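# Commentary on secondary and tertiary structure
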Amino acid sequence: MLTLGIETSCDETGLALVRDGQILAQVMASQVGVHALFGGVVPEIASREHYRLLAPLYDRLMAEAGATMADVDVVAVARGPGLLGCLLAGVSFAKGLVLGSRARLVGVNHLHAHMLAPGLEQGLVFPAMGLLVSGGHTHLYRLDSPHEITTLGRTLDDAAGEAFDKAAKMLNLPYPGGKYVDILSRGAESDPDLFPVPYVKNDNLDFSFSGLKTAFATFVEAHPDLRFTTMPETGDLDQGGQDLANREELARVLASLSHSVVRALRVKMERALDQVLDRADGIRALVVAGGVAANSLLRLEMERLAEERGLALLMPSLALCTDNGPMIAHAGELLARAGLFHDLDLDVVPRGGVVPRDYIEQRD
Ligand code: KG4
Ligand code: ZN
């Protein structure tokens, strides 16, 4: 089965061809540079960029793989949640390809695709507990199969990635700043008392990061010398007019911020394992994915948690943590194998919306 995957839910245009869980070819255009100066993704610009890039990227992908649409069995497209105009660009393109070929269409839940991404590198293990941590979402899941994924908890306000991005913005770092928080804090000792571990003194499995954002903002306000005076060029953190003493203090402060975010994630995961997913449930693995799963402290902490609980740990490599075409193709392939498709009525689901289970079942 040859599956073409299309990802356009935010600011990454990603296309890939996957056959039986193996990536045959992939192409990707990131708009990070386009939006960096605005301090966030500008939806109208993002959708126009997807619209402009889809056809040339598709041509490049097919040329690289030496394939044509006649070879493609399934077109899998991210149908939400995401930015509405961006999703429409990808879904319309996918429908056009399906109309002009024999391929079948399947709409993929972008969040579930993140959870299934480790399957491109190692075998998936079910049942599993999943943590999705990205720029727009923080979700805790129970995964029983590629298409039986239940939400156990979610963020009530900001996502974990958003907490990092907003903190970075307060320091005058480029968007998205999660990566810079990670780089700048590497090797530093965290002060666990500097910031609160947000929203853990309750008995639920939801997250909230807005209180931590406020605590961080108050701290930066009181220590304005931590800010970069001019926004450093993406990738070059050596400019910005800070002296070395501040850089060390900044590292400690950012390590402490990461500590609070990671601690909050871990507390809720342990709670889920203890209360909801006890041994009788037979949870065998921990899946951690999404852009924030690139964070070094989170990776370390998840390794510890999995080891302590005797669970397998499925964490994609960095390129498969952030938005990408292969994860959509892979999730689509798994759905198609289960006989789950869509027709041309497939609709998109905006950010914050719930992706319906509206597949058309068809087995050969
Ligand atoms: O999954 P993703 O690529 O896009 C969304 O669907 O949101 O996640 C992007 C998020 C951004 O908030 C970015 O700052 C964050 O992932 N991120 C990181 C790191 N690398 C990317 N956050 C913390 N540490 C990192 N190393
Ligand atoms: Zn994503």
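Our subject is the structure that appears above.
Calculation rules
Residues numbered from 1 in each chain as written. Chains lettered and ligands numbered in written order. Predicted model: local features only at pLDDT ≥ 70, side-chain atom pairs only at ≥ 80, totals over all residues. Heavy atoms only, no water. Donors = N, O, S within 2.8 Å, 3.2 Å for Na, K, Ca; no water. Tetrahedral: all angles 85-135°; square planar, octahedral: opposite > 155°, others 65-115°. Helix = DSSP H or I, 4+ residues; strand = E, 2+ residues; numbered from the N terminus. Buried < 20%, exposed > 50% of the residue type's maximum accessible area, 1.4 Å probe, protein only. Near = heavy atom within 4 Å. Polar contact = N/O pair within 3.5 Å; in protein donor to acceptor, adjacent residues only side chain to side chain. Areas by Shrake-Rupley, 256 points an atom, 1.4 Å probe, with all protein chains shown as cover. 1 Å grid on protein atoms, 1.4 Å probe; cavity = no way out; pocket = protein on both sides within 12 Å on 5 of 7 lines; lining within 4 Å. Sits in = over half its atoms within 2 Å of the grid points. Pairing = 2+ DSSP bridges. Axes fitted to C-alpha atoms, helices over the stretch in contact; angles between N-to-C directions. Points joined across faces, edges and corners; volume = space filled by probe spheres on them. Nonpolar A, V, L, I, M, F, W, Y, C, P; charged D, E, K, R; others polar. Contact = heavy atoms within 4.5 Å. Salt bridge = Lys/Arg side-chain N within 4 Å of Asp/Glu carboxyl O. Phe/Tyr/Trp six-rings, centres within 6.5 Å; stacked < 30°, edge-to-face > 60°. Lys NZ or Arg CZ within 6 Å of the ring centre and 35° of its normal. Parallel < 35°, antiparallel > 145°, perpendicular 65-115°, else oblique. Left-handed = near helix turned anticlockwise from the far one by under 90°.

Every protein donor of the zinc ion (ligand 2) is accounted for by His110 (NE2), His114 (NE2) and Asp323 (OD), and the metal-donor separations fall at 2.1 to 2.2 Å. Here the zinc ion (ligand 2) is ringed by four donor atoms whose angles at the metal span 92 to 148 degrees, and the overall shape comes out irregular. Every donor residue of the zinc ion (ligand 2) comes from the same chain, spaced as H-x3-H-x208-D. In this pair, histidine 114 is assigned in helix α4 (residues 110–116) and aspartate 323 in the loop between α10 (318–321) and α11 (325–337), connecting sequence segments 209 residues apart. In this pair, the class of histidine 114 matches that of aspartate 323, namely buried.

As a further point, take the site of ligand 1. Taken together, 20 residues lie near ligand 1, and Gly135, Asp165, Gly178, Asp182 and Gly291 sit nearest. In the model, an oxygen atom of ligand 1 is placed 2.7 Å from a nitrogen or oxygen of the glycine 135 main chain. The contact in question runs from an oxygen atom of ligand 1 to an N or O atom on the backbone of glycine 161, over 3.4 Å. Taking 560 Å² as the accessible area of ligand 1 by itself, protein coverage stands at 89%. When atoms are counted within 2 Å of each cavity's grid points, the one that captures over half of ligand 1 is the largest pocket. At the level of secondary structure, the elements contributing two or more residues to the shell around ligand 1 comprise α4, α5 (160–170) and α6 (178–185).

On to the sheet that holds strand β4 (residues 74–80). The strand order β3-β2-β1-β4-β5 describes an open sheet built from five strands, whose pairing is mixed. Only two strands of the sheet have a single partner each, and these edge strands are β3 (22–30) and β5 (104–109). On average, each strand axis in the sheet is inclined to that of its neighbour by 20 degrees, with strand direction left out of account. Pairing geometry for β4 and β5, over six bridges, is parallel. Among the inter-strand pairings, valine 75 is bridged to a residue of β5, identified as leucine 105.

Glancing now at the layout of surface pockets. Computed from the structure, the largest pocket encloses a volume of approximately 1100 Å³. Contributing elements (two or more residues each) for the lining of the largest pocket: α4, α5 and α6. Across the lining of the largest pocket, the residue classes break down as 16 nonpolar, 16 polar and eleven charged. In this structure, the second largest pocket spans a volume of roughly 580 Å³. Around the second largest pocket sit 34 residues that line it, and Asn109, Leu111, His112, Val354 and Val355 are the ones nearest its centre. For the lining of the second largest pocket, the element with the most residues is strand β8 (residues 148–154), which contributes five residues. Residues of the lining of the second largest pocket, tallied by class, amount to 14 nonpolar, 14 polar and six charged.

Right, let's talk about the sheet that holds strand β6 (residues 128–133) for a bit. Pairing within the open sheet is mixed, and its five strands lie in the order β8-β7-β6-β9-β10. In the strand order of this sheet, the two ends are held by β8 and β10 (312–314), each with one partner. Each adjacent strand pair in this sheet contributes to an overall mean axis angle of 20 degrees, direction not counted. Sheet topology places β6 next to strand β7 (residues 138–145); six bridges connect them, and they run antiparallel. Counted as the bridge partner of leucine 132 is histidine 139 from β7. In the packing of helix α9 (residues 296–309) onto the sheet, the strands contacted are β6, β9 (285–289) and β10, and the crossing angle to β9 comes to about 170 degrees.

Moving on: the pattern of salt bridges. Evaluation of the coordinates by the stated rule reveals 19 salt bridges. Between arginine 102 and aspartate 73 there is a salt bridge whose closest N-O contact spans 3.0 Å. Of the two residues, arginine 102 sits in the loop between α3 (84–99) and β5 while aspartate 73 sits in the loop between α2 (43–65) and β4, which places them 29 residues apart along the sequence. By sharing partners, the salt bridges in this structure join Arg266, Glu270, Asp274, Glu301, Arg304, Glu308 and Arg309 into a single network.

This part is about the packing of aromatic side chains. Taken as a whole, this structure holds four aromatic pairs when the rule is applied. Plain terms: the ring middles of phenylalanine 207 and phenylalanine 209 are 6.3 Å apart, the flat faces sit at 10 degrees to each other, and that makes the pair stacked. Summarising the burial analysis for this pair, phenylalanine 207 and phenylalanine 209 share the class buried. Members of the aromatic cluster, joined through ring pairs, are Phe195, Phe216 and Phe219. Positioned above the aromatic ring of phenylalanine 341 is the side chain of arginine 104, whose terminal nitrogen or guanidinium carbon lies 4.2 Å from the ring centre.

Helix α7 (residues 210–222) packs onto α5 with a crossing angle of 15 degrees between their chain directions and a minimal axis gap of 10 Å. Judged by the angle between their axes, α5 and α7 are roughly parallel. Here α5 and α7 pass one another in a crossing that is right-handed. For the pair α5 and α7, the contacting residues are Lys166, Ala167 and Met170 in the first and Lys213, Phe216, Ala217 and Val220 in the second. Looking at the contact of α5 with α7, its residues break down into five nonpolar, no polar and two charged.

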